[in-house]
Amino acid sequence: MAENTKSLLNVSYRSLRRLIGVLGVLLPWLLMVRAWDIEPSISHYYYTVSSPIFTGILIAFGLLLLTYQGYEKSSGEKVSDNTITNVAGFFALVTAILPTSCHGGQSHPFCHFDSTLNTIHLLSAGTFLILVGAMSYFKFPLGGTKKAFYKTMGLIVWASIVLMLIYFAFEDSIGDKFPQGVLVGEIIGVTAFGISWLVKGKPGEMKIFGAKKA
């Protein structure tokens, strides 16, 4: 591959990582500002005027991650960058296409209370977060000097999932007092995910073609 082509591709993928990062950081705040309301979770903005933002950004995540090109799998790696991002992209699309169930105060033409669809949505969203956390924890630190930073971002993403699971376990007793517990966990998770990708998109960070990892 010609050096000029390598350089252009590296710039392109840095821009792609920055775009993913910006969307991740801004997602919850755009939803809340547009709806001018605080819902129990990011997913419930599907049933508000913020619906185009919610579905649009998730679909963008899906398509961008499906087209993302990382390193080919090395001899010491069990899973390639592409596999992680492609599967994460798939689950982002599923999360956008199959919305969560409505809560009692919502009224929308597409409102549903189907427990199966809701479970698929929750599992897809959770799997997406697990995988982008894995990308930050396992893939981004390869080489360079920011290993601790990327691992910390990955741990924060995973910790946000644990916090949400704890909230679900005690929702009956604390849900009335703190109905936005899931939303807070999601904000923590997507913010850490977004920051990680933003930093990885800086010039001099992980180059895709013909350069050492940084």
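Here's a quick rundown of the structure. (Residues numbered from 1 in each chain as written. Predicted model: local features only at pLDDT ≥ 70, side-chain atom pairs only at ≥ 80, totals over all residues. Heavy atoms only, no water.)

So, a nonpolar patch on the surface
Reasoning step 1: A surface patch of nonpolar side chains, about 670 Å² in accessible area, is lined by V162, L163, I166, F170, I174, F178, V184 and I188.
Reasoning step 2: Sorting the residues of the nonpolar patch by element identifies α5 (147–169) and α7 (181–200) as the ones contributing at least two each.
Reasoning step 3: Considering every element that reaches the nonpolar patch, the biggest residue donor is α5, with three residues.
Reasoning step 4: The residue F178 is located in the loop between α6 (171–174) and α7 in this model.
Reasoning step 5: Since its relative accessible area comes to 39%, F178 is described here as partly exposed. (Patch = residues over 30% accessible without salt bridge, like charges linked within 9 Å, V, L, I, M, F, W, Y side chains within 5 Å. Areas by Shrake-Rupley, 256 points an atom, 1.4 Å probe, with all protein chains shown as cover. Salt bridge = Lys/Arg side-chain N within 4 Å of Asp/Glu carboxyl O. Helix = DSSP H or I, 4+ residues; strand = E, 2+ residues; numbered from the N terminus. Buried < 20%, exposed > 50% of the residue type's maximum accessible area, 1.4 Å probe, protein only.)

Here we look at the pattern of salt bridges
Reasoning step 1: All told, the structure shown has one salt bridge when counted by the stated rule.
Reasoning step 2: Put simply, D81 and K139 hold a salt bridge, and the shortest N to O gap is 3.6 Å. Here the residue D81 occupies a position in helix α3 (residues 81–97), and K139 occupies one in helix α4 (residues 115–139), the gap between them amounting to 58 residues.
Reasoning step 3: Judged by relative accessible area, D81 falls into the buried class, the value being 1%.

Examining the side chain of S80
Reasoning step 1: In this fold, S80 is placed in the loop between α2 (51–67) and α3.
Reasoning step 2: Side chain to side chain, S80 and T83 meet in a polar contact 2.9 Å long. (Polar contact = N/O pair within 3.5 Å; in protein donor to acceptor, adjacent residues only side chain to side chain.)

Topic: the packing of aromatic side chains
The way to describe two aromatic rings as a pair is by their centre distance and the angle between their planes.
Reasoning step 1: Enumeration over the complete set of coordinates arrives at 15 aromatic pairs.
Reasoning step 2: On the basis of an interplanar angle of 80° and a centroid distance of 4.9 Å, the ring pair of Y137 and F138 is categorised as edge-to-face.
Reasoning step 3: For F138, a relative accessible area of 48% gives the class partly exposed.
Reasoning step 4: Members of the aromatic cluster, joined through ring pairs, are F61, Y68, F128, F140, F149, Y150, F193 and W197.
Reasoning step 5: Its guanidinium or amino end placed over the ring of Y137, K151 lies 4.0 Å from that ring's centre, counting from NZ or CZ. (Phe/Tyr/Trp six-rings, centres within 6.5 Å; stacked < 30°, edge-to-face > 60°. Lys NZ or Arg CZ within 6 Å of the ring centre and 35° of its normal.)

Brief notes about the environment of Y46
Reasoning step 1: Tracing the backbone shows Y46 in the loop between α1 (3–35) and α2.
Reasoning step 2: On the basis of relative accessibility, which here comes to 13%, the residue Y46 falls in the buried class.
Reasoning step 3: As for Y46 and A96, which are separated by 50 residues in sequence, their C-alpha atoms are 8.7 Å apart.
Reasoning step 4: Sequence-distant contacts of Y46, that is, excluding residues within four places in its chain, are made with S51, F54, T55, A96, P99, H108 and F110. (Contact = heavy atoms within 4.5 Å.)

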